[in-house]
Amino acid sequence: MTSIPAAARAEPRLSLDRFAQAERRFATALGAQGRVGVFAYEFIRFGVKMAWACLFGKMAWACLFGALMLALLIGTFLWYPKGAALSRFDFLTIASITIQAALLWTRLETWEEARVIAIYHLAGTIMELVKTAQGSWIYPEASLLRIGDVPLFSGFMYACVGSFMTRAWHLFDFRFERHPPLWLLATLSAAIYLNFLLHRYFIDIRVALAVIAVAALAPGMIHYRVWRVHRRMPLLLAAALTAGFIWIAENIGTATATWVYAYQRNGWAMVSPWIYLCWFLLMILSYTLVVANEGGVQAPARDV
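An account of the accompanying structure is given in this report. Computed from a predicted model, the values in this text were never measured in an experiment. (Residues numbered from 1 in each chain as written. Predicted model: local features only at pLDDT ≥ 70, side-chain atom pairs only at ≥ 80, totals over all residues. Heavy atoms only, no water.)

Brief notes about the packing of helix α7 (residues 182–198) against helix α10 (residues 273–293)
Phase 1 of the analysis: Their axes nearest at 9 Å, the elements α7 and α10 cross at an angle of 135 degrees. Overall, the two elements α7 and α10 adopt an arrangement that is oblique. Considering how the two elements wind past one another, α7 and α10 form a crossing that is left-handed. Seen from α7, the contacting residues are Leu182, Leu185, Ala186, Leu188, Ser189, Ile192, Tyr193 and Phe196; seen from α10, they are Cys278, Leu281, Leu282, Ile284, Leu285, Tyr287, Thr288, Val291 and Ala292.
Phase 2 of the analysis: Broken down by class, the residue content of the contact of α7 with α10 amounts to 15 nonpolar, two polar and no charged. (Axes fitted to C-alpha atoms, helices over the stretch in contact; angles between N-to-C directions. Helix = DSSP H or I, 4+ residues; strand = E, 2+ residues; numbered from the N terminus. Parallel < 35°, antiparallel > 145°, perpendicular 65-115°, else oblique. Left-handed = near helix turned anticlockwise from the far one by under 90°. Contact = heavy atoms within 4.5 Å. Nonpolar A, V, L, I, M, F, W, Y, C, P; charged D, E, K, R; others polar.)

As structure tokens, this is what we get:
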């Protein structure tokens, strides 16, 4: 009969004895059901842990940042007063800076993590300047806090992606097998970024880069720890799922008229699957920055 051991002490937890006791009883009851019970408990625990990561705890600021940004997009679209002295976009910029400052002040984000995320933030802002100048998308409202046609809050949307990856790496204790070498990821990331900036002037090799990315990630496995034991999934699947969540966020951004693609100017339409491919590639860039900051990857742990 399989039993579930006590929860790992190192993980964030509520300081409520009654909750902890109830959780242990729940774990013991499911553990008594054998492997199915263990699977059910870990599945529930995974969901709770992700919810925790979105709301509480020192390891959780990445999800919180992204959730707050999406909430701001929706909330200001629905309820921000028209004709206000402070434009909606300027409010979003000030709110983004306030959130970032609060994360650093409360030490939910370290300065080392902020440095890595800032690089992706800067890279995203540069790409925004180029793509809006080319007419790929527009920010349809007026604002003062902007560079060219790009309101300053836009860079924080890229920061949300980098921040989630950085904190998830530690929250789930990522380990890897058959991981692509850093030099390959760095070379691929540079090619992806340059292609996004220059493809209108040269040949667009986006599809070829996606094929290379798939080939590089396909052999890899990512090991993640929900509780005490590491589980694993294909690295390519993890990348595809992450890009899918970003694509959903893109739909929220355009549905709230925060930015609008050329084909949406006469009315909202679902974001093209082509944008999913773009985000899959841009996510490689963010992921490479995280791997470089971590000094490489660790081999899978021997769970007992």
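Some thoughts on the environment of Val271
Phase 1 of the analysis: Mapping Val271 onto the fold places it in the loop between β7 (260–261) and α10.
Phase 2 of the analysis: On the accessibility criterion, Val271 (1% relative accessible area) is buried.
Phase 3 of the analysis: Expressed as a C-alpha distance, the spacing of Val271 and Val260, which sit 11 residues apart in the sequence, is 9.6 Å.
Phase 4 of the analysis: What Val271 contacts, discounting residues up to four positions off in sequence, is Trp247, Glu250, Asn251, Thr254, Tyr261, Tyr263 and Gln264. (Buried < 20%, exposed > 50% of the residue type's maximum accessible area, 1.4 Å probe, protein only.)

Let's talk about the pattern of salt bridges
Phase 1 of the analysis: This structure, assessed with the given rule, holds six salt bridges.
Phase 2 of the analysis: Of the charged contacts, one joins Arg88 and Glu141 as a salt bridge, the two residues approaching to 2.9 Å between their closest N and O atoms. Of this pair, Arg88 sits in helix α4 (residues 88–105) while Glu141 sits in the loop between β1 (137–138) and β2 (146–147), and the two are 53 residues apart along the sequence.
Phase 3 of the analysis: Two residues, Arg232 and Glu177, come together in a salt bridge whose shortest N-O distance is 3.1 Å. Taken together, the residues Arg232 in strand β6 (residues 230–234) and Glu177 in strand β4 (residues 175–177) connect sequence positions 55 residues apart. (Salt bridge = Lys/Arg side-chain N within 4 Å of Asp/Glu carboxyl O.)

What to know about the packing of α7 against helix α8 (residues 206–217)
Phase 1 of the analysis: Interhelical geometry of α7 versus α8 gives an angle of 160 degrees and a closest axis separation of 10 Å. Taken together, the axis directions place α7 and α8 in an arrangement best described as roughly antiparallel. As for the relative orientation of α7 and α8, their crossing is left-handed in sense. Of α8, the residues touching α7 (which contributes Leu184, Leu188, Ala191, Ile192, Asn195 and Phe196) are Arg206, Leu209, Ile212, Ala213 and Ala216.
Phase 2 of the analysis: For the contact of α7 with α8, the per-class residue count stands at nine nonpolar, one polar and one charged.

With respect to a nonpolar patch on the surface
Phase 1 of the analysis: Taken together, the side chains of Leu86, Ile94, Leu129, Leu144, Leu145, Ile147 and Leu152 present a nonpolar region at the surface, about 580 Å² in accessible area.
Phase 2 of the analysis: By the secondary structure assignment, Leu129 is in helix α5 (residues 111–133).
Phase 3 of the analysis: You can call Leu129 partly exposed: its relative accessible area is 31%. (Patch = residues over 30% accessible without salt bridge, like charges linked within 9 Å, V, L, I, M, F, W, Y side chains within 5 Å. Areas by Shrake-Rupley, 256 points an atom, 1.4 Å probe, with all protein chains shown as cover.)

What to know about empty space enclosed by the protein
Summary: where empty space remains is shown by rolling a probe the size of a single water molecule over the atoms.
Phase 1 of the analysis: Here the structure, examined in full by the defined rule, presents two cavities of 30 Å³ or more.
Phase 2 of the analysis: There is about 30 Å³ of room inside the second largest cavity.
Phase 3 of the analysis: As for the second largest cavity, its lining consists of Tyr120, Ala123, Gly124, Met127, Tyr158, Tyr193, Leu282 and Leu285.
Phase 4 of the analysis: Per-element tally for the lining of the second largest cavity: the top contributor is α5, with four residues. (1 Å grid on protein atoms, 1.4 Å probe; cavity = no way out; pocket = protein on both sides within 12 Å on 5 of 7 lines; lining within 4 Å. Points joined across faces, edges and corners; volume = space filled by probe spheres on them.)

Some points on α5
Phase 1 of the analysis: With 23 residues, α5 extends 32 Å between its outermost C-alpha atoms, agreeing within 8% with the 33 Å of an ideal straight helix rising 1.5 Å per residue.
Phase 2 of the analysis: The positive-phi residue at the C-terminal boundary of α5 is Gly135, with phi of around 85 degrees. (Expected span 1.5 Å × (residues − 1).)

Quick look at the sheet that holds β4
Strands pair in a sheet through their backbones, by hydrogen bonds, and they do so in one of two ways: parallel or antiparallel.
Phase 1 of the analysis: Across the sheet, which stays open at both edges, the three strands sit in the order β4-β5-β6 with antiparallel pairing between neighbours. Sheet topology places β4 and β6 at the edges, where each strand pairs with a single neighbour. Within the sheet, the average angular offset between the axes of one strand and its neighbour, ignoring direction, is 30 degrees.
Phase 2 of the analysis: Here β4 runs beside strand β5 (residues 221–225); their pairing, made up of three bridges, is antiparallel. Bridging across to β5, Arg175 finds its partner in His223. (Pairing = 2+ DSSP bridges.)

Let's talk about the nonpolar core
Phase 1 of the analysis: Residues Phe65, Phe174, Trp279, Phe280 and Tyr287 are the most contacted members of the largest nonpolar core, which totals 64 residues.
Phase 2 of the analysis: Per-element accounting of this core gives the leading share, 13 residues, to α10.
Phase 3 of the analysis: Among all residues touching Trp279, those that are not within four sequence positions of it are Tyr120, Tyr158, Val161, Ala243, Ile246 and Glu250. (Core = buried A, V, L, I, M, F, W, Y, C linked by side-chain atoms within 4.5 Å.)

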